[in-house]
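Coordinates in review
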Amino acid sequence: MSTPASQSNVYVFMGVCGCGKTTISQQLKTAIEKKYHGKICVTQIDGDDLHPAQNKKKMQHGIALTDKDRRPWLYAIGRAIRSHQPLLLKSGQRHLLFIACSALKYSYREILRAHDAKLTFVMLDGSYSLIERRLKQRNHEFMSNALLRSQFETLEYPNQKYAENDVIVQRIDASMQTIIQQLMPKIVRHNPANDVTHWRATIRICSILCEYKR
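Thresholds, definitions, all that
Residues numbered from 1 in each chain as written. Predicted model: local features only at pLDDT ≥ 70, side-chain atom pairs only at ≥ 80, totals over all residues. Heavy atoms only, no water. Salt bridge = Lys/Arg side-chain N within 4 Å of Asp/Glu carboxyl O. Helix = DSSP H or I, 4+ residues; strand = E, 2+ residues; numbered from the N terminus. Buried < 20%, exposed > 50% of the residue type's maximum accessible area, 1.4 Å probe, protein only. pLDDT = per-residue confidence, 0-100. Contact = heavy atoms within 4.5 Å. Core = buried A, V, L, I, M, F, W, Y, C linked by side-chain atoms within 4.5 Å. Pairing = 2+ DSSP bridges. Axes fitted to C-alpha atoms, helices over the stretch in contact; angles between N-to-C directions. 1 Å grid on protein atoms, 1.4 Å probe; cavity = no way out; pocket = protein on both sides within 12 Å on 5 of 7 lines; lining within 4 Å. Points joined across faces, edges and corners; volume = space filled by probe spheres on them. Nonpolar A, V, L, I, M, F, W, Y, C, P; charged D, E, K, R; others polar. Parallel < 35°, antiparallel > 145°, perpendicular 65-115°, else oblique. Left-handed = near helix turned anticlockwise from the far one by under 90°.

The subject of this paragraph is the pattern of salt bridges. The tally for this structure, following the rule as stated, stands at nine salt bridges. Close ionic contact of Lys 58 with Asp 69 constitutes a salt bridge, the shortest N to O distance being 2.6 Å. Taken together, the positions of Lys 58 in helix H2 (residues 53-60) and Asp 69 in helix H3 (residues 67-83) put the pair eleven residues apart, joining distant regions of the chain. Asp 69 sits in the buried class, given a relative accessible area of 13%.

Averaged over every residue, the pLDDT of the protein is 82; the share at 70 or more is 80%. Across residues 1-6, confidence stays below pLDDT 50; counting only partners more than four residues off in sequence or on other chains, it has 16 contacts. In this model residues 192-214 is a low-confidence stretch, pLDDT under 50, and it forms 40 contacts with partners more than four residues away in sequence or in other chains.

Formed by 50 residues in total, the largest nonpolar core has its most connected members in Phe 13, Leu 28, Ile 32, Phe 98 and Ile 187. Non-local contacts of Phe 13, meaning those with residues more than four positions away in its chain, are made with Lys 21, Ile 24, Ser 25, Leu 28, Phe 98, Ile 99, Ala 100, Cys 101, Val 122, Leu 124 and Leu 183.

Here we have five strands laid out as an open sheet, ordered E2-E3-E1-E4-E5, and parallel in their pairing. Of all strands in the sheet, those bounded by a partner on one side alone are strand E2 (40-46) and strand E5 (167-171). Adjacent strand axes in the sheet meet at a mean angle of 20 degrees when their direction is disregarded. In this structure, strand E4 (residues 120-125) lies alongside E5, joined through five bridges in parallel fashion. Bridged to Met 123 within E5 is Val 169. Packed on one face of the sheet, helix H1 (residues 21-35) meets strand E1 (10-14), E2, strand E3 (94-100) and E4 and runs near 165 degrees to E2. Packing of H3 onto the sheet brings it into contact with E1, E2 and E3, and relative to E3 it is tilted by some 170 degrees.

Its boundaries defined by the atoms lining it, the largest pocket holds a volume of some 510 Å³. Elements with a minimum of two residues in the lining of the largest pocket: H1, H3, helix H7 (148-154) and helix H8 (176-188). Element by element, the count of residues in the lining of the largest pocket is highest for H1, at four residues. Along the lines of polarity and charge, the residues of the lining of the largest pocket split into 15 nonpolar, twelve polar and six charged.

Next up on the list: the packing of H3 against helix H5 (residues 106-113). Two packed helices can be described by the angle between their axes and the distance between those axes. Look at H3 against H5: their axes get within 9 Å of each other, and the N-to-C directions meet at 30 degrees. Classified by the angle between their axes, H3 and H5 sit roughly parallel to one another. Judged by the sense of rotation from one axis to the other, the crossing of H3 with H5 is right-handed. Of the residues in H5, those touching H3 at Asp 67, Arg 70, Leu 74, Tyr 75, Ile 77, Gly 78 and Ile 81 are Tyr 108, Ile 111 and Leu 112. Taken together, the residues of the contact of H3 with H5 break down into seven nonpolar, one polar and two charged.

In structure tokens:
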């Protein structure tokens, strides 16, 4: 199965802590590889694993990360995207890259876009009360429940202040089976080249990169 050059192959599953980024991307990977065995292969990366030790320590103590804290983390995710480009462009089998990354702010998403202009974000959207209940039912290596309020305050919801036509919004107030069934066709058939506005001005991207390199 050849991969059209215009096809989106990098998907960043974004949202606040507890929205299911890792779980949903893992479940979707399993479902896609089962249904499209031999035609589509998926690599899944948990962005939390790429956090510097100092960031993990701060989050363990319930301390919210600053933009400066997130800078090396976002660039580490960008390097992961670039390192997978040879696989994503390989002919004969479509290879998808799923990355679980909060990407809460527009500026964070712009940094990731600079590493792959055709990547797509999957916004996992749920209410504060729903996600708070889920967080209370799980244990996380370093993410504290106390950080949820801070993450909701930091979140810049896609398409509110800036037009972001490379975002798939998925509600998470349904069963896992329903979420996977709804997402699979959007991922497998998604072609961002159909959206003229998907090709973003490089001036904005460069300005964000310059700001973060200061």
